[in-house]
Amino acid sequence: MQNLFHIFKLNTHHHYRHIDSLSADAEQAFYYYFHHLLPSRKAPVFLCIGTPLLSADRFGPYIGSQLKKQDIPNVFGTLEHPVHAENIEFYRNYIQKYYPDNPVVAIDASVGTPKQMGCITLRKGALRPGRAVGKNICPIGHVEITGIFDNLHDTSAEIFCLFMGHIITQGIAQNFKA
């Protein structure tokens, strides 16, 4: 865990944890912060938001598909069955009905500056999906995880989607093994 805390930046206004996905300790750092952000020991529900139609916006569904491959339970939103603006209310209602006491972890792509590209953010609190594209969707979740891209349409974002997705998937999987 050498220099682990060196790779984090804390935005004290919103209490975001920022992890540089290019850091050698990124996976371990993600595991550490994710583990400490979960509000209870009940199995979390993962709501992976986005559409496979855009390079960066497939971030959430890609992670959902990877979590399913690792047999992580309670995953909604995959490349085959994405959660997006048109069906998110259905999933919100479903989760409230069938998982009322489980913490919800919302995962989505986020737009930032070119300098922030490849950064993973974690925060206790609800995610506001669709904000970057002007959608007014109610916040959802107890824990927010985002991967930052400088442009949701940029095809070069694909490599960051895969890279950050691997770090997040492995960090979540470690929580189920612990």
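A short tour of the structure in this document, coming up. Positions within a chain are numbered from 1, following the residues in the order the chain's sequence is written. At least 70 in pLDDT is required for a residue's local features to be given in this predicted model, at least 80 for side-chain atom pairs to be given and counted, and no such filter applies to totals for whole chains, interfaces and linings, which use all residues. The side-chain quantities take in all heavy atoms of the structure and omit both hydrogens and water.

What to know about the overall build of the chain
Phase 1 of the analysis: Put simply, DSSP H or I for four residues or longer makes a helix, DSSP E for two residues or longer makes a strand, and each gets a number counted from the N terminus. Helices and strands together make up the secondary structure of the chain, namely 4 helices and 7 strands.
Phase 2 of the analysis: When the helices and strands of the chain are placed in sequence order, the string is β-β-α-β-α-β-α-β-β-β-α.
Phase 3 of the analysis: Split into buried and exposed, the 178 residues of the chain put 52% on the buried side.
Phase 4 of the analysis: Residue contacts follow a heavy-atom distance rule, with two residues in contact if any of their heavy atoms lie within 4.5 Å. Counting contacts in the chain only where the partners sit at least 6 residues apart, residues at least 24 apart contribute 68% of the total. Partly exposed describes any residue whose relative accessible area lies between the buried limit of under 20% and the exposed limit of over 50%, with all areas from a 1.4 Å probe on protein chains only and scaled to the type maximum.

Considerations on the packing of helix α1 (residues 26-37) against helix α4 (residues 157-177)
Phase 1 of the analysis: For the pair α1 and α4, interaxial distance at closest approach is 8 Å and the crossing angle is 50 degrees. Taken as axis vectors, α1 and α4 run oblique relative to one another. Seen along the crossing, α1 lies across α4 with a hand that is right-handed. In this structure, α1 uses A26, E27, F30, Y31, F34 and H35 to contact α4, whose residues at the interface are H166, I167, I168, Q170, G171, I172, Q174 and N175. Each axis is a line fitted through C-alpha atoms, taken for helices only over the stretch in contact, and angles between the N-to-C directions span 0 to 180 degrees. Small angles under 35 degrees read as roughly parallel and large ones over 145 as roughly antiparallel, with 65 to 115 read as roughly perpendicular and the rest as oblique. Two helices crossing with the near one rotated counterclockwise from the far one by less than a right angle form a left-handed crossing, whereas a clockwise rotation gives a right-handed crossing.

Here we look at the pattern of salt bridges
Phase 1 of the analysis: Between Lys or Arg on one side and Asp or Glu on the other, a salt bridge is scored when a side-chain nitrogen of the former is within 4 Å of a carboxyl oxygen of the latter. Under the defined criterion, the tally for this structure stands at 3 salt bridges.
Phase 2 of the analysis: Notably, a salt bridge pairs E158 with R58, separated by 2.6 Å at the nearest N-O pair. Highlighted residues: E158 in helix α4 and R58 in the loop between β3 (45-48) and α2 (59-69), separated in sequence by 100 residues.
Phase 3 of the analysis: Residues E89 and R92 are paired through a salt bridge, measuring 3.1 Å at the closest nitrogen-oxygen approach. Highlighted residues: E89 and R92, both in helix α3 (residues 88-98), separated by 3 residues, approximately one helical turn.
Phase 4 of the analysis: Under the relative-accessibility criterion, E89 is labelled partly exposed at 37%.
Phase 5 of the analysis: Given a relative accessible area of 10%, R92 falls into the buried group.

Brief notes about the packing of aromatic side chains
How two aromatic rings sit relative to each other is given by the distance of their centres and the angle of their planes.
Phase 1 of the analysis: Each pair of aromatic rings taken from Phe, Tyr and Trp, with Trp reduced to its six-membered ring, is defined by centres within 6.5 Å and is described as stacked if the planes are under 30 degrees apart, edge-to-face if over 60, and tilted in the remaining cases. Scanning the model with the defined rule gives 11 aromatic pairs in all.
Phase 2 of the analysis: Arranged with centres 6.3 Å apart and planes meeting at 55 degrees, the rings of F46 and F176 form a pair that is tilted. Note that F46 is positioned in strand β3 and F176 in helix α4, a separation of 130 residues in sequence.
Phase 3 of the analysis: Note on F46: relative accessible area 0%, which makes it buried.
Phase 4 of the analysis: Here F176 falls in the partly exposed class, since its relative accessible area comes to 35%.

What to know about the environment of P39
Phase 1 of the analysis: Its location among the elements puts P39 in the loop between α1 and β3.
Phase 2 of the analysis: Expressed as a C-alpha distance, the spacing of P39 and H142, which sit 103 residues apart in the sequence, is 7.5 Å.
Phase 3 of the analysis: Once residues within four sequence positions are removed from consideration, P39 is found in contact with P103, H142 and V143.

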